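Fold and geometry: a report
Letter by letter, the chains look like this.
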Amino acid sequence: MKFFSLLIVFNVALFGVDKQKLLDCYEIFEQKKADLEEQAEKLLEEKEAFESFKNTYMVLIKKKEERLKKKELELNATLQAIEKRKKEIEELVKKNQKILEEIKNVRLDKLTKSYAKMRPKNAANVLSNMEIEEALNIIQKLQPKIVAKIFAKMDPKKAAILTQKMMEDKKDKNESTNTINR
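For every chain, the first residue of its written sequence is number 1, and the numbers climb from 1 along that sequence. In keeping with the model being predicted, local features are shown solely for residues with a pLDDT of at least 70 and side-chain atom pairs are shown and tallied solely at 80 or more, while totals for entire chains, interfaces and linings include all residues. Only hydrogens and water are removed before side-chain values are computed, so all heavy atoms of the structure are retained for them.

**Here we look at a negative patch on the surface**
Together, E41, E45, E46 and E48 line one region of the surface with negative charge. What counts as a helix is a DSSP run of H or I of at least four residues, what counts as a strand is a run of E of at least two, and both are numbered from the N terminus. Examined against the element boundaries, E45 turns out to sit in helix α2 (residues 19–117). Patch membership requires over 30% relative accessible area and the absence of a salt bridge. Like charges are linked within 9 Å, and nonpolar side chains (Val, Leu, Ile, Met, Phe, Trp, Tyr) within 5 Å. To measure how exposed things are, a 1.4 Å probe is used in the Shrake-Rupley method; for residues, cover is taken only from the protein chains shown. Any Lys or Arg side-chain nitrogen found within 4 Å of a carboxyl oxygen on Asp or Glu counts as a salt bridge. The sign given to each residue is positive for Lys and Arg and negative for Asp and Glu; His and the chain ends receive no count. Note that the charge is assigned to NZ on lysines, CZ on arginines, CG on aspartates and CD on glutamates.

**Brief notes about helix α4 (residues 132–141)**
Burial classes follow relative accessibility: with a 1.4 Å probe on protein chains only, a residue under 20% of its type's maximum area counts as buried, one over 50% as exposed, and anything between as partly exposed. Those residues of α4 not exposed but buried are A135, L136, I138 and I139. Projection of α4 onto a plane perpendicular to its axis shows the buried side chains occupying an angular sector of 165°, all on one side. Arc definition: directions from the helix axis to the C-beta atoms.

**Notes on the environment of T112**
For T112, the position within the fold is in helix α2. Sequence spacing of T112 and Q143 is 31 residues, and the spatial spacing of their C-alpha atoms is 9.8 Å. We call two residues in contact whenever any of their non-hydrogen atoms come within 4.5 Å of each other. Excluding residues that lie within four positions of it along the chain, T112 makes contacts with I138, K141 and L142.

**Quick word on the pattern of salt bridges**
Side chains bearing opposite charge may pair, as long as their charged atoms lie close to each other. Scanning all chains against the criterion turns up three salt bridges. Across the salt bridge formed by K42 and E38, the nearest N and O atoms sit 3.9 Å from each other. Placement of the pair is K42 and E38 together in helix α2, with a separation of four residues, close to one helical turn. Residue K42 is classed as partly exposed on the basis of its relative accessible area, which comes to 48%. Here K141 makes a salt bridge to D109, at a shortest N to O gap of 3.3 Å.

Here it is as structure tokens:
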């Protein structure tokens, strides 16, 4: 305020400007100053509103991030539980397969013993009427001496097929053993 008064006095003395014009200028400056202060106040209010909105938004984001982290932890825990359960099931399947294989072997051993006790002609007739793989499983468990007697009483074509399959199986087992040993 003092500055403007001094400015007016200075201008009047220096330039000989009319006092009324200077007062009008002073009023215009005061009006502009009031307008600028009002705009500054509005900007300050808008800035405060923006800051408030920003803070509220950041709080919401933090809450959502916390929920996401919590869900992620829950999902990871569930995934670990599923993986653990999967391993348990795989182990059970392996155990069951092993038990099933043992049962098949015991059954085949009993069946093989029955064929070993049969007369070669009767065993040859029964084995000739079986599927090749089933007959092969039984023959492979018998002693070579008994197999020779059964083959002697069997249809030559069927005996040749079974012999050939036995040789292929033996060859496949040797190749798989050689591959494993390498």
